[in-house]
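# Structural features, examined
What follows is the residue order along each chain.
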Amino acid sequence: MSEIVRPDSEHLAPENPDAPGLPAHRLRRTDVDPIATKRAERQVANLFLVAIIATVGFVVAFVAFPSPHKYITIIPGVLQDISASNFFLGMTLAISLLAIGVGAIHWAKKLMSDVEIVELRHPSASSAQDRAEFQEVFETGVASSGIKEYKLIRRTLIGAMLVLPIPALLLFRDLGPLPRKKLSTTAIHKGVRLVVDGTQAPLRPSDIPIGALVNVVPENLQAIEEAAGTLDERGKDALMIIRMRPDQIIAQQGANWDVEGILCFSKVCTHAGCPLGLYEQQTHHMLCPCHQSTFDLSDAGRVIFGPAARSLPQLAITTNADGYLVAAQGFTQPVGPSFWERS
Amino acid sequence: MSEHAEPAPAGEETKPRTALGKTGTFLDDRTGGAKGLKGLLGKVFPDHWSFMLGEIALYSFIVLLLSGVYLTLFFKPSQTEVIYHGSYVPLDGLPMTEAYSSTLHISFDVRGGLLMRQMHHWAALLFVAAITVHLFRVFFTGAFRKPRELNWLIGVGLLTLGLVEGFAGYSLPDDLLSGTGLRIAEGIVQAIPVVGTYLASFVFGGEFPGNDFIPRLYAIHILLVPGLILALITAHLFLVVYHKHTQYPGPGRTENNVVGYPLLPVYTAKAGGFFFVVFGVITLLAAVVTINPVWLFGPYNPSQISAGSQPDWYIGFLDGALRIMPNWESHILGHTISWNILLPAVVIPGILFTVLGAYPFIEAWVTGDRRDHHLLDRPRNMPTRTGLGAMAISFYLLLWISGGNDIIATRFDLTINEITRAMQVLVFVVPPLVYVATKRICLGLQHRDHDKLMHGWETGIIRRLPSGEFVEIHAPIEEEEQVTILQAGRTKPAALPAPPETDENGVPAPGGRMARLRSRLSRWYYSESVSTPTEEELHEAAHHAQEELENQQRQLDAIGVAPSAEDEQQLTTGH
């Protein structure tokens, strides 16, 4: 580190002609005019009175609106159909707090001394003597402990401290199970019916007009969710069915995975896992509302825009003996975002 | 202290009469607090509006603690499924987690509950915003320089914790919007190479969303992170008091003093009053502006989403980075590396915060400046630093704007694709331009300062001389302004000289490459600075101006034109 020459801070010493003393103190009205002083006193006191009144108003509002469900309009279009309870409790409390705050500041500005005070700074560092004394105490202590001579003690202590975090880490092991193959598997298997999410209604091809989009789940999802008590499976098994004219299908992920132009895709974005939501019927583009990855569902779920790297997984479907739409097989690849173990 | 064998003699001579005095004596007999507190009460703080930004952060944190403790009394951090039968009719009979249903309960069945929820949320938004703007102030005025580098690091830590704490709290109600945010967070964790899937499985207690995460997040949100924030705030304030506050240059202000008002009474009243003002403004917002209406979003369901999903503002830059990242993914030896997630969500914030934390040390290394600094820089006097700061802010803002690309698309009738592609280019093009422009503006302002010192200010008074020539009269600037400009200009250290290529024996100098790099950076850092006039130059300029005036006056006197009374006043007082 090379030392360099530069203007020293002597330039800024108080006696420097560039840095004259403080400008003369200017008196305020309240310093010289007793009427102004009295007026300021009244103003501050009035503000504090307002605070008291507003607090009383809070109590009144609390009693007057026992239910937060009474809705009022203060300014049409701006404060319209708002909860009266929330509005009046909030306004009274806000007025009370603001009045106290403004009153205190007004008091300080008008009535407290505004003569600037100069305080000298001291170096942040300790004095050289303090440092030397500290060093001596420290070194005496270290020498007396013998940590330098007793190599065996020193090294075993370091070793003991180094392995100590292991129990701490191990204790976190049971936060959750090992991931195993869960990210790669879903509950969808050959022959499971695809039902409308929410109503559990099974679907026949004739139920789905061209251009339609239906959110579906495998029929077994409900039972799995009830048994598990979590939404875990839903995060992987959410599906969507769309229908287009068979000649509009440019490509699929497998031969004849459609049923008369009905295609089934995972609803989970391959980027960060958001459910897909915005479907452009004419272009068959499906957009993710989170980060705008766009998939062309007529072209094997190919990514045509956005940060997603993988095509949207397609589910092969067929109809069963009763004519209902069923999975022809499970997903042939993991659904959802990528992960390290995925090839 | 241990030398005192006899009982403390406090209060022997002057027995306190008042209740306050008696309490004080009682406490001091047992703690010896008077010694330290007398210094604290008289402590001088300088006055400036920009010093209140950090205060806003502190006060919103207090509001967060108060409203947060209240909310814990009603909130149930549980993902156990319940059927809602509360007073909000549109969701009646729907299955949802207890976390969500208790949030509805707070909003619709607890008087003042919605107010407290909205205050908590507004205070959180304000907390992070105030920290951010406070950070800008500290950066651009060079308040991070020695001896305050550690406090800068603490501040960066507070900002980071603020983001974590905000996101944790935002995620607790388990509504559709926050659940989607957590889903993305899980996707990010999952993308971490080697350990990602394990981490995700441990954090969520299995698959997403599981039943463990909200209770775990709750402990982190109400205990762990606020505890850390509180500890860091304490250290932050302790150092502020110990270092004494920085101050702007001006008459009477030096590196060795601090000029302002004492803590008691002026700052007790002003800062105490300001706390109530911040508290009041937050309450006012909560009273009239709806924030996070979770009842409109519905309970979380991994198969549902609403369009226009937006995180709270401070997560926006991360979301924006995710949105404009190209879809890069590598497949190596049967493994996947998701650059499309790792770069924007892990690497970019990592770099941003590392550079932010390291900046004071980088600047000190480049400038070789090892002095203590208590007088603040005017941003114009450090054009390179100001330019770098503006550049970083523009980068951040562009990412942030990208986070709203869908909103911009619908509001301004643009396509999402155009906006996204434009942003992919702009994040690289705009920041360097902002750097150059900011630096030019700073240098322009320095030139103006220089002109003001040398030639005074333009009074707007035009004189016509007997020769027919028109001249504008310049008057010297006020002493206060002159002192401010001069002080700020003279605290600048000089650029490091180029190190010798070889030592005295003609051998290449050791560590030469590093030293040369440092010297080059230093020269770049100080390049194109406008020199501050010296004493002699100022005297000469003043003398010259005076002569000029007298010369003009002589010409006017010769033809018998007396200066107007107004002119006289202008010339003598500078006003």
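Fair warning: this is a prediction, and the values are worked out from it, not measured in the lab. In this numbering scheme, every chain counts its residues from 1 along its sequence in written order. All chains are assigned letters beginning at A, and all ligands numbers beginning at 1, according to the order in which they are written. Since the coordinates come from a predicted model, pLDDT governs what is reported: local features require at least 70, and pairs of side-chain atoms require 80 or more to be given and counted, while whole-chain, interface and lining totals use all residues. Working from all heavy atoms in the structure, the side-chain values ignore hydrogens and water.

### A word on the sheet that holds strand β8 (residues 278-280) of chain A
All names here are of chain A. Only strands joined by at least two bridges in the DSSP assignment are considered to pair. Numbering of helices and strands starts at the N terminus; helices are DSSP runs of H or I of at least 4 residues and strands are runs of E of at least 2. As summarised here, the arrangement of the 4 strands in space is β8-β9-β10-β11, forming an open sheet in which the pairing is antiparallel. Edge positions in the sheet fall to β8 and β11 (302-305), since each has one partner strand and no second. Along the sheet, successive strands turn relative to each other by an average axial angle of 30°, direction set aside. Alignment of strand β9 (residues 285-287) against strand β10 (residues 294-296), held across 3 bridges, turns out to be antiparallel. Among the inter-strand pairings, histidine 285 is bridged to a residue of β10, identified as aspartate 296. A fitted line through C-alpha atoms represents every axis, and for helices the fit uses only the stretch in contact; the resulting angles, taken between N-to-C directions, go from 0 to 180 degrees.

### Quick word on the sheet that holds strand β6 (residues 239-243) of chain A
Residue and element names in this part refer to chain A. The strand order β4-β5-β6-β7-β12 describes an open sheet built from 5 strands, whose pairing is antiparallel. Looking at strand neighbours, the two that pair on one side only are β4 (194-196) and β12 (314-315), the edges of this open sheet. By the bridge criterion, 3 bridges tie β4 to strand β5 (residues 213-218) in an arrangement that is antiparallel. Counterpart to valine 195 in the pairing with β5 is valine 217.

### A short note on the nonpolar core
The tendency in soluble globular proteins is for nonpolar side chains to be buried side by side. For the purposes of this section, nonpolar cores are sets of buried Ala, Val, Leu, Ile, Met, Phe, Trp, Tyr and Cys residues that join through side-chain atoms within 4.5 Å. For every residue, the accessible area obtained with a 1.4 Å probe (protein chains only) is divided by the maximum for its type, and the residue is called buried under 20%, exposed over 50%, and partly exposed between those limits. Core analysis: the largest hydrophobic core is formed by 89 residues, its most contacted members being Met119, Phe127, Trp152, Ile229 and Ile282 of chain B. Tallying contributions element by element places helix α5 (residues 113-140) of chain B first for this core, with 15 residues. Here, two residues are considered to be in contact whenever any of their heavy atoms come within 4.5 Å of each other. Ignoring any residue separated from it by four or fewer positions in sequence, one finds isoleucine 282 of chain B in contact with Ser60, Val63, Met119, Trp122, Ala123 and Leu126 of chain B. In terms of nonpolar packing, the next biggest core, distinct from the first, is built from 26 residues, Ile242, Cys274, Leu276 and Cys288 of chain A among them.

### Here's the deal with the confidence of the model for chain B
Residue-level confidence of the predictor, termed pLDDT, takes values from 0 up to 100. The pLDDT averaged across chain B works out to 90; a share of 92% of its residues lies at or above 70. This stretch, residues 1-5 of chain B, has a pLDDT under 50; its non-local contacts, to residues over four places away or in other chains, come to 0 contacts.

### A short note on the packing of α5 of chain B against helix α10 (residues 263-288) of chain B
Residues and elements named next belong to chain B. It is the contact of α5 with α10, at a shortest axis distance of 8 Å, that shows an interaxial angle of 120°. One way to sum up the angle between α5 and α10 is to call them oblique. Of the two elements, α5 crosses α10, and the hand of that crossing is right-handed. Taking contact as the criterion, the partners of Leu115, Gln118, Met119, Trp122, Ala123 and Leu126 in α5 are, on α10, Val278, Phe279, Ile282, Thr283, Leu285, Ala286 and Ala287. In terms of residue class, the contact of α5 with α10 is made up of 11 nonpolar, 2 polar and no charged. Angular relationships are summarised with four words: roughly parallel below 35 degrees, roughly antiparallel beyond 145, roughly perpendicular across 65 to 115, and oblique for the angles in between. Handedness of a helix crossing follows the sense of rotation of the near helix relative to the far helix, less than a right angle counterclockwise being left-handed and clockwise being right-handed. Residue type decides the class: Asp, Glu, Lys and Arg count as charged, Ala, Val, Leu, Ile, Met, Phe, Trp, Tyr, Cys and Pro as nonpolar, and the leftover types, Gly among them, as polar.

### Details of the interface of chain A and chain B
Between chain A and chain B, the residue contacts involve 99 residues of the former and 120 residues of the latter. Together, the buried faces of chain A and chain B total about 9,200 Å²; carbon and sulfur atoms form 62% of this surface. Here a salt bridge means any side-chain nitrogen of Lys or Arg lying within 4 Å of a carboxyl oxygen belonging to Asp or Glu. On inspection of chain A and its partner chain B, the count reaches 3 salt bridges. For arginine 253 of chain B, the salt bridge identified is with glutamate 116 of chain A, shortest N-O distance 2.9 Å. Throughout this description, a polar contact denotes any pair of N or O atoms lying within 3.5 Å of each other; where both atoms belong to protein, one of them has to be capable of donating a hydrogen while the other can accept it, and for residues adjacent in sequence the pair is counted only when both atoms sit in side chains. Taken together, chain A and chain B are joined by 38 residue pairs in polar contact (both at pLDDT 80 or more). The quantity reported as buried area is the accessible area (1.4 Å probe) lost by two parts once they are put together, taken as the sum for both.

### Details of α5 of chain B
To estimate the expected span of a helix, subtract one from its residue number and multiply by 1.5 Å. Between its first and last C-alpha, α5 of chain B extends 41 Å over 28 residues, near the 40 Å set by a 1.5 Å rise per residue. Remark: glycine 142 of chain B follows α5 of chain B within two positions and exhibits a positive phi of approximately 70°.

### Concerning a nonpolar patch on the surface
Residue and element names in this part refer to chain A. Residues with no salt bridge and a relative accessible area higher than 30% make up the patches, which join like charges within 9 Å and nonpolar side chains (Val, Leu, Ile, Met, Phe, Trp, Tyr) within 5 Å. All accessibility values rest on the Shrake-Rupley procedure with a 1.4 Å probe; residue burial counts only the protein chains present in the view. Side chains of Leu49, Ile52, Ile53, Val56 and Val60 sit close together on the surface and give an oily, nonpolar patch of about 490 Å² of accessible area. For isoleucine 53, the location among the structural elements is in helix α2 (residues 34-64). Accessibility expressed as a relative area gives 59% for isoleucine 53, which makes it exposed.

### Describing the pattern of salt bridges
Oppositely charged side chains may form a pair once their charged atoms are brought near each other. Across all of its chains, the model carries 27 salt bridges over all chains by this definition. In this structure, the salt-bridge partner of arginine 245 of chain A is aspartate 247 of chain A, at a minimum N-O distance of 3.2 Å. Judged by its relative accessible area of 58%, aspartate 247 of chain A falls in the exposed class. The network of salt bridges with common partners includes Arg145, Glu363, Asp377 and Arg385 of chain B.

### Some thoughts on helix α18 (residues 512-526) of chain B
Residue and element names in this part refer to chain B. Taking 1.5 Å per residue as the helical rise, α18 with its 15 residues ought to reach 21 Å, and the 21 Å between its terminal C-alpha atoms agrees with that figure. Within α18, the full set of buried residues consists of Gly512, Arg518, Ser519, Ser522, Tyr525 and Tyr526. Seen along its axis, α18 keeps its buried residues to an arc of 150°; they face one direction. For α18, the exposed residues set more than 90 degrees away from the buried face come down to Arg513 and Arg520. Considering only its buried residues, α18 is in contact with α13 (339-367) and α14 (383-402). By definition, the arc is the one covered by directions from the helix axis to the C-beta atoms.

### A word on the confidence of the model for chain A
Low-pLDDT portions of the prediction should not be read for the details of their coordinates. Of all residues in chain A, 94% attain a pLDDT of 70 or more, and the chain-wide mean is 91. Contacts for the low-pLDDT stretch residues 1-18 of chain A, under 50 throughout, to residues beyond four places or in other chains number 33 contacts.

### Let's talk about the side chain of threonine 141 of chain B
Residue and element names in this part refer to chain B. Inspection of the secondary structure assignment puts threonine 141 in the loop between α5 and α6 (149-171). Overall, threonine 141 belongs to the buried group, its relative accessible area being 4%. If we skip the residues at most four places from it in the chain, threonine 141 touches Tyr248, Leu376, Asp377 and Arg385.

### Considering a positive patch on the surface
Residues and elements named next belong to chain A. Under this rule, positive means Lys or Arg and negative means Asp or Glu; His and the chain ends count for nothing. Lys charges are placed at NZ, Arg charges at CZ, Asp charges at CG and Glu charges at CD. Together, Arg39, Arg42, Lys109 and Lys110 make up a region of like positive charge exposed at the surface. Going through the elements one at a time, α2 and α3 (84-110) are the ones with two or more residues in the positive patch. Topologically, lysine 110 is positioned in helix α3.

### Structural notes on the packing of helix α3 (residues 52-72) of chain B against helix α9 (residues 213-243) of chain B
Residue and element names in this part refer to chain B. Relative orientation of the contacting elements α3 and α9 amounts to 155°, with a least axis distance of 12 Å. Overall, the two elements α3 and α9 adopt an arrangement that is roughly antiparallel. Here α3 runs over α9; the crossing is left-handed. When α3 is examined against α9, the residues Leu58, Phe61, Leu65 and Thr72 are found in contact with a partner set consisting of Tyr218, Ile222, Pro226, Ile229, Leu230, Ile233 and Leu237. Residue classes in the contact of α3 with α9 are distributed as 10 nonpolar, 1 polar and no charged.

### Brief notes about the state of the cysteines
All names here are of chain A. By disulfide we mean two sulfur atoms from cysteines, separated by a distance within 2.5 Å. A full pass over the atoms with the stated rule returns 1 disulfide over all chains. A disulfide bridge connects cysteine 274 with cysteine 290, and the sulfur atoms are separated by 2.2 Å. Looking down the S-S bond of the cysteine 274 and cysteine 290 bridge, the torsion is -90°, so its handedness is left-handed. Pair noted here: cysteine 274 is in the loop between β7 (262-266) and β8 and cysteine 290 is in the loop between β9 and β10, with a separation of 16 residues, a long-range link. Free cysteine: cysteine 264, not disulfide-bonded; nearest cysteine sulfur from cysteine 269 at 16 Å. For cysteine 264, a relative accessible area of 0% translates into the label buried.

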